[in-house]
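Spelled out, the chains give:
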Amino acid sequence: MVEEYLLLTPGPLTTSKQVKEAMNFDYCTWDDDYKRITQSFRQSLLNLAQVNKEEYTAVPIQGSGTYGVESVISSTISSNEKLLIGINGAYGQRISEMADVYGINHVDLVVDEREPITLELVTEYLDKNPDITHFAMIHCETTTGILNPIEDIIPYVSRRGIITIVDAMSSFGGIPINVQENQIDYLISSSNKCIQGVPGFSFVIVKKDILETTKGLARTLSLDLYGQYYEMEHNDGKWRFTSPTHVVHAFYEALKELDEEGGVKARHQRYSNSQKHLAKGMEELGFKVLINEKYQSPIITSFIYPEEDFDFNIFYQELKKQGFVIYPGKISQVPTFRIGNIGEVYIEDITKLLSVIKDIRE
Ligand SMILES: *Cc1c(COP(=O)(O)O)cnc(C)c1O
């Protein structure tokens, strides 16, 4: 028997009892009831994205978040097009690796992991590379917890006639994003982050007229975004291959709970309150936050090791024994660890965590 603990990680995360209970049954697939659930959550996602339903569609893809990103990169960009990628962490880097795997022309705009991608830099790169056709960036770079200013950058890039791709994996559902107003053509997120479901699929919110032009571009069968869209549109929500039925039911419940909480705005408020409480409390205990407060997301926070001989593993084990699981760091320049506050995590949990850390450090 595993000891129970609260996940203070960026997903998979701690889900509600009802979300877990929604999986306690072996559901059938293919039939009308199941397809109705798929169609219904696709509509809910469009509401969360604040888009016009005539112009946009939501397409789920089996697998973790990376599969959704890889679906967009591998099946919507042709070999005579060119992708600019804003990179300030591991997830931006991952898109560059995907472009390499598929032989897609790409230019990498690499920024220090502690700094945001800026409109100024993007403009400079676009001016230097007039043949760029697509632009991809990460909203919340979970590597550090930095929030990149998509609202400054994406509308401008779109006005230049470039197709825009946003990895909003760890922010969608937890930070309000107006996809339509910001002219985001592809937005990717997954079931197990701010919507607070369990892992098993990702989804892409995409402008229909753009998706329609990508027919036949896929380099794989299973990650063909247009293929999945076509099947769902022509067969009332049928997934092309076995869908994660339990995960879908849990997701459906999680969307209901997001609505009951008061929607994305209310959830954003809860996350922000928890993050601020966490950062302040940790600084009082002698831990420094890596990212400048101006760019810090409400999702996950990186803390610099408090002393050179700080032993993360001992710290991690102590916290786990007391019911909290935190996350190692992921950047090279400075040794850090991370604490997430998304999921069924409330301000009282952060208060308790801070008191446990205080005891450990004394
Ligand atoms: C979680 C995450 C992903 C996807 O990672 P998976 O491990 O495949 O779920 C992609 N981008 C960002 C920014 C993420 O936080």
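Being a predicted model, the structure only gives us computed values, none of them experimental. (Residues numbered from 1 in each chain as written. Predicted model: local features only at pLDDT ≥ 70, side-chain atom pairs only at ≥ 80, totals over all residues. Heavy atoms only, no water.)

We now examine the site of the ligand. With respect to spatial proximity, the complete set of residues near the ligand consists of Ser64, Gly65, Thr66, Tyr91, Arg94, Ile138, Cys140, Thr142, Asp167, Met169, Ser170 and Lys193. Threonine 66 places a side-chain nitrogen or oxygen 2.5 Å from an oxygen atom of the ligand. A distance of 2.7 Å is found between a nitrogen atom of the ligand and a side-chain nitrogen or oxygen belonging to aspartate 167. Of all the secondary structure elements, the ones that give two or more residues to the shell around the ligand are helix H3 (65–76) and helix H4 (90–101). (Near = heavy atom within 4 Å. Polar contact = N/O pair within 3.5 Å; in protein donor to acceptor, adjacent residues only side chain to side chain. Helix = DSSP H or I, 4+ residues; strand = E, 2+ residues; numbered from the N terminus.)

Right, let's talk about the nonpolar core for a bit. Leu45, Phe172 and Ile205 are the most contacted members of the largest nonpolar core, which totals 49 residues. For this core, the elements supplying multiple residues, two or more each, are helix H2 (32–48), strand S2 (56–62), strand S4 (105–110), helix H5 (119–128), strand S5 (134–138), helix H6 (150–159), strand S10 (201–207) and helix H9 (245–261). Here this core takes 7 residues from H9, the largest share from any one element. Residue contacts for phenylalanine 172: discarding those within four places in its chain leaves Leu45, Leu48, Ala49, Ile177, Leu187, Ser189, Cys194, Ile195, Phe203 and Ile205. Residues Val69, Tyr186, Leu211 and Leu225 belong to the second largest nonpolar core, which totals 29 residues. (Core = buried A, V, L, I, M, F, W, Y, C linked by side-chain atoms within 4.5 Å. Buried < 20%, exposed > 50% of the residue type's maximum accessible area, 1.4 Å probe, protein only. Contact = heavy atoms within 4.5 Å.)

This brings us to the environment of glutamine 183. Relative to the elements of secondary structure, glutamine 183 occurs in the loop between strand S8 (163–167) and strand S9 (186–190). Sequence separation between glutamine 183 and glycine 68 is 115 residues, and the spatial gap between their C-alpha atoms is 19 Å. Once residues within four sequence positions are removed from consideration, glutamine 183 is found in contact with Ile154, Ser158, Thr164 and Lys207.

A few words now on the sheet that holds strand S3 (residues 82–87). Strand order in the open sheet formed by 7 strands is S2-S10-S9-S8-S5-S3-S4, with mixed pairing between adjacent strands. Strands at the two margins of the open sheet, each flanked by one partner only, are S2 and S4. The average undirected angle you get between the axes of adjacent strands in this sheet is 20°. As defined by bridge partners, S2 adjoins S10 across 7 bridges and the pair is classed as antiparallel. Each residue of the ladder has a partner; that of tyrosine 56, found in S10, is lysine 207. Contacts between H3 and the sheet are confined to S2, S3, S5, S8, S9 and S10, with S9 contributing the most and set at about 155° to the helix. (Pairing = 2+ DSSP bridges. Axes fitted to C-alpha atoms, helices over the stretch in contact; angles between N-to-C directions.)

To continue, consider the UniProt feature "binding site: substrate" (unreviewed entry) in the protein. Feature annotation in UniProt assigns "binding site: substrate" (unreviewed entry) to the following positions: Arg338. Under the relative-accessibility criterion, arginine 338 is labelled buried at 3%. Other than its neighbours up to four places away in sequence, arginine 338 contacts Leu8, Thr142, Thr143, Ile300, Thr301, Ser302, Ile326, Tyr327, Pro328, Gly329 and Lys330. A polar contact is formed between the side chain of arginine 338 and the backbone oxygen of threonine 142, at a distance of 2.8 Å. (UniProt positions renumbered as here; feature names shortened; annotations may be inferred.)

This part is about the pairing of S10. Of all 7 residues making up S10, 7 are buried, and the element is well covered by its neighbours. Residues Phe201, Phe203, Ile205 and Lys207 of S10 are buried on one face, and the alternating residues Ser202, Val204 and Val206, pointing to the opposite face, are buried as well. Alignment of S9 against S10, held across 5 bridges, turns out to be antiparallel. Within S10, the position partnered with leucine 187 by the bridge is isoleucine 205.

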